[in-house]
Structure formats: C-alpha cells, structure tokens
Amino acid sequence: MVGGRQLRKNAKVEIGWCEMVDIPSLGLRHVHAKMDTGAATSSIHATRVKPLVRDGEKWVEFWFRLNAGEKPKRYEAPLIDKRLVRSSNGDRQERYVISATFCFGTLCWNGQLTLANRRSMAFPLLIGRRALRRGFLVNSERRWMLGKPVQ
C-alpha cells in the first residue's frame, strides 16, 4: 500500500477521537481529522467544487486549505459517485464522492471521501464508520495517539 503497510482485517488499532491523517493520493500530510462513528462516509472540506471531464472520464475540481492563514490550493480527483448525504444538521445534500488513500501513521487503505463545505466545523476532515470499521477502536478519552500536531 502507498506510504506504509496495509491495515490487516483482524488488526485492532486504538486511536483517539482526533488524529493526524495523511491523504497521499491528494498530496496532503498531517490533516487534522475527527473520528465520527455517527457518519457513514468520510468527508473533507472543499470549496468551489466543480465537475469536469478529462479524456472522457469524469473528474472533480475543488479547493482546500490545510491550515488557517494559508491560501486554498486547487485539487483534482476522479469522480466515483454523487450521492445524497444527511448532514450533521439533518439536511440532505447531494455531494460528490472521490476515492482516496488514507494513512494513519504507517497504516494505509483506500476509501471514499465526500466533498463538503465544512467551514463551520472545527476539523477539515471527518473520518466515518466505513473507514473506521477496518480495524480501528476509537478511544473517546484520548486524542493524537498516532502523533501530536506541530504547533
């Protein structure tokens, strides 16, 4: 797997309610992420989301800012789906879905990310149940168990 060892199906790795996550398929490192066992699908903050076609394939363009004070950067990814998602406030939104490689420390796997405006949320990345059920145990009393953010 990219950048580390693949997570084994029987492995149980304890993580905190928030962790640093790498998304090498997008070139992102040390993204502050909240673990959310109430959300089915993982989600990343995205603005200016726009579908496009490249060589006959569906792609999506979006802008993401890793840290406050930085300018947003443009990203592109193959579009794998559009689906209705119930947001945290109960509204249903149609969101674009992309495939991404996630890494928690040296453990990496492929999963899905919805693109959503998370401006009002404390974390730009939310990791949902579908990703967590790969063998992670979320300890709600702990955070940054895989490494603390650099201040």
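See the structure above.
Figured I'd write up the structure that's included with this text. (Residues numbered from 1 in each chain as written. Predicted model: local features only at pLDDT ≥ 70, side-chain atom pairs only at ≥ 80, totals over all residues. Heavy atoms only, no water.)

**Side note on the environment of Met20**
Mapped onto the fold, Met20 is located in strand S3 (residues 18-23). On a C-alpha basis, the gap between Met20 and Leu125 in space is 9.6 Å, while along the polypeptide they are 105 residues apart. Here Met20 is in contact with His30, Val31, His32, Cys103, Trp144, Gly147 and Pro149, once residues within four sequence places are set aside. (Helix = DSSP H or I, 4+ residues; strand = E, 2+ residues; numbered from the N terminus. Contact = heavy atoms within 4.5 Å.)

**Observations regarding the packing of aromatic side chains**
On inspection of all chains with the given rule, the structure shows seven aromatic pairs. Taking the centre distance of 5.7 Å and the plane angle of 80° together, the rings of Trp17 and Phe123 count as edge-to-face. With a gap of 106 residues between them, Trp17 in the loop between strand S2 (13-16) and S3 and Phe123 in the loop between strand S10 (107-116) and strand S11 (125-127) connect regions that are remote in the sequence. Residue classification places Trp17 among the partly exposed positions, given a relative accessible area of 30%. Residue classification places Phe123 among the buried positions, given a relative accessible area of 12%. Look at Phe104 and Trp109: their rings are 5.0 Å apart centre to centre, the planes differ by 75°, and that puts the pair in the edge-to-face class. Owing to a relative accessible area of 4%, Trp109 belongs among the buried residues under this scheme. An aromatic cluster of three or more residues is present, and its members are Phe102, Phe104, Trp109 and Phe136. Sitting over the face of the ring of Trp63, Arg48 holds its NZ or CZ atom 4.0 Å from the ring centroid. One Lys or Arg, Arg54, reaches over the ring of Trp59 and ends 4.7 Å from the middle of that ring. (Phe/Tyr/Trp six-rings, centres within 6.5 Å; stacked < 30°, edge-to-face > 60°. Buried < 20%, exposed > 50% of the residue type's maximum accessible area, 1.4 Å probe, protein only. Lys NZ or Arg CZ within 6 Å of the ring centre and 35° of its normal.)

**Some thoughts on the pairing of strand S7 (residues 57-64)**
The pairing of strand S6 (residues 47-54) with S7 spans six bridges and is classified as antiparallel. By the bridge assignment, Pro51 is partnered in S7 with Val60. Here six bridges tie S7 to strand S8 (residues 73-86), and the two strands are oriented antiparallel to one another. Bridge assignment links Trp63 to a residue of S8, and that residue is Arg74. (Pairing = 2+ DSSP bridges.)

**Comments concerning the state of the cysteines**
Using the criterion set out here, one finds one disulfide in the structure. Between the sulfur atoms of Cys103 and its disulfide partner Cys108 the distance amounts to 2.1 Å. Its torsion about the S-S bond being 110°, the disulfide of Cys103 and Cys108 is classed as right-handed. For Cys103, a relative accessible area of 4% corresponds to the buried category. (Disulfide = S-S within 2.5 Å.)

**Let's talk about a positive patch on the surface**
There is a patch of like positive charges on the surface, built from Arg129, Arg130, Arg133 and Arg134. With respect to the helices and strands, Arg133 occurs in the loop between helix H1 (129-132) and strand S12 (136-139). (Patch = residues over 30% accessible without salt bridge, like charges linked within 9 Å, V, L, I, M, F, W, Y side chains within 5 Å. Areas by Shrake-Rupley, 256 points an atom, 1.4 Å probe, with all protein chains shown as cover. Salt bridge = Lys/Arg side-chain N within 4 Å of Asp/Glu carboxyl O. Lys, Arg positive; Asp, Glu negative; His and termini not counted. Charge placed at Lys NZ, Arg CZ, Asp CG, Glu CD.)

**Looking at the side chain of Ser42**
You can see Ser42 is positioned in strand S5 (residues 42-45). Overall, the relative accessible area of 2% leaves Ser42 in the buried class. Looking at Ser42, its side chain comes within polar contact range of the main-chain nitrogen of Gly128, at 3.1 Å. Apart from residues no more than four positions distant in its own chain, Ser42 is found in contact with Phe102, Gln112, Leu113, Thr114, Leu126, Ile127, Gly128 and Ala131. (Polar contact = N/O pair within 3.5 Å; in protein donor to acceptor, adjacent residues only side chain to side chain.)

**Focus on the pattern of salt bridges**
Side chains bearing opposite charge may pair, as long as their charged atoms lie close to each other. For the coordinates displayed, the defined rule picks out six salt bridges. Its salt-bridge partner being Glu76, residue Arg54 comes within 2.3 Å of it at the nearest N-O pair. Of this pair, Arg54 sits in strand S6 while Glu76 sits in strand S8, placing them 22 residues apart in sequence. Assessed through its relative accessible area of 30%, Arg54 is described here as partly exposed. By relative accessible area, which is 22% here, Glu76 ends up partly exposed. Across the pair Glu61 and Arg74 runs a salt bridge, and its minimum N-O distance is 2.8 Å. Here Glu61, found in strand S7, pairs with Arg74, found in strand S8; they are 13 residues apart in sequence, far enough to count as distant. For Glu61, a relative accessible area of 11% gives the class buried. Arg74 gets classed as partly exposed once you look at its relative accessible area, which sits at 41%.

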